[in-house]
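If you want the building blocks of each chain, they are given just below.
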Amino acid sequence: MIIDTIVVGSYQVNCYITGDSESNEVIVIDPGFNGSQIIALIESKKYKPVGIVLTHGHGDHIGAVLEIKEKYDIPLYMHKFDLEMVTDTEKNFSKWILGEKASLTPDVYLSDGDIINVGAQKFEVIHTPGHTPGGICLKGEHALFTGDTLFRESIGRTDLPGGSSEQLIHSIKTKLMDYPEDTKIFPGHSLSSTIAHEKIYNYFLRS
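Residues numbered from 1 in each chain as written. Predicted model: local features only at pLDDT ≥ 70, side-chain atom pairs only at ≥ 80, totals over all residues. Heavy atoms only, no water.

**Some details on the environment of Leu110**
Among the secondary structure elements, Leu110 is positioned in strand β6 (residues 108-110). According to the relative accessible area criterion, Leu110 is buried, its value standing at 3%. For the pair Leu110 and Glu124, spaced 14 residues apart in sequence, the C-alpha to C-alpha distance is 10 Å. (Helix = DSSP H or I, 4+ residues; strand = E, 2+ residues; numbered from the N terminus. Buried < 20%, exposed > 50% of the residue type's maximum accessible area, 1.4 Å probe, protein only.)

This is the structure in structure tokens:
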């Protein structure tokens, strides 16, 4: 399984390029900034992008979508509950985060339980509202890409429009914590973790 991480932009977003190491097919998760850097890595490793997946619609996660989409002519996947966010530049904060307005039109709307096939790899869509209404995580082989739902020893903020701390905690506890403890967590910001580590050290999940 391919997992490459590029930390992009002033908000230090983890953009992931992940997929099938035999076919070299990959998806790009949350290309928030620095499209040329992401494209350079794809080209250097001769990857074959087949899609872009957004874990949610905030501006720091969407800034390089159009550049990558135009370069490779690939579809954009996201949950429909964040559609208003990516089409409304006021709601995605792109003007303040990116310095310019960014509006996107998704090609494929994802729902809980959907499977994204990338070569021989399968990524399951997990709808985890709370940070945003349409927030999702992706479960691949021994890997869980959590966007801004779950961080190492923390959780996503819930004070922005559409956020709910109760909903976010419920999403994490009921949809993520039952995965095997050695499952590695790849969050939208900061360091990676594991399910076991979060069960012990994540203050927000103790109650």
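**Examining helix α2 (residues 65-72)**
Turning to α2, its buried residues are Val65, Ile68 and Tyr72. Buried residues in α2, looked at end-on, bunch into an arc of 75°, giving them a common side. Buried-residue contacts for α2 involve β3 (25-29), α1 (35-44), β4 (48-53) and β5 (76-79). Where α2 ends, the next residue or the one after it, Asp73, has phi of about 50°, a positive value. (Arc of directions from axis to C-beta. Contact = heavy atoms within 4.5 Å.)

**Digging into the sheet that holds β5**
In space, the six strands of this open sheet follow the order β1-β2-β3-β4-β5-β6, with mixed pairing throughout. Where the open sheet ends on each side, the last strands, each with one partner, are β1 (2-8) and β6. Between one strand axis and the next, the sheet turns by 25° as a mean value, whatever way the strands run. Across two bridges, β4 lies against β5 in parallel orientation. (Pairing = 2+ DSSP bridges. Axes fitted to C-alpha atoms, helices over the stretch in contact; angles between N-to-C directions.)

**Remarks on the packing of aromatic side chains**
All chains considered together, the criterion is met by five aromatic pairs. Ring geometry for Tyr16 and Phe186: centres 5.7 Å apart, planes at 80°, overall edge-to-face. Here Phe186 lies in strand β13 (residues 184-187) and Tyr16 lies in strand β2 (residues 13-19), a separation of 170 residues in the sequence. Judged on exposure class, the residue Tyr16 and its partner Phe186 are both buried. Seen in terms of ring centroids, Phe145 and Phe186 are 5.3 Å apart; in terms of plane orientation they differ by 25°. Their pairing is stacked. A residue pair is termed long-range when its members are at least 10 positions apart, and Phe145 in strand β10 (residues 143-147) and Phe186 in strand β13 qualify at 41 residues. On the basis of relative accessibility, which here comes to 1%, the residue Phe145 falls in the buried class. Classification of Phe186 by relative accessible area gives buried; the value is 11%. Three or more aromatic residues joined by ring pairs make a cluster, and in this case those are Tyr16, Phe123, Phe145 and Phe186. (Phe/Tyr/Trp six-rings, centres within 6.5 Å; stacked < 30°, edge-to-face > 60°.)

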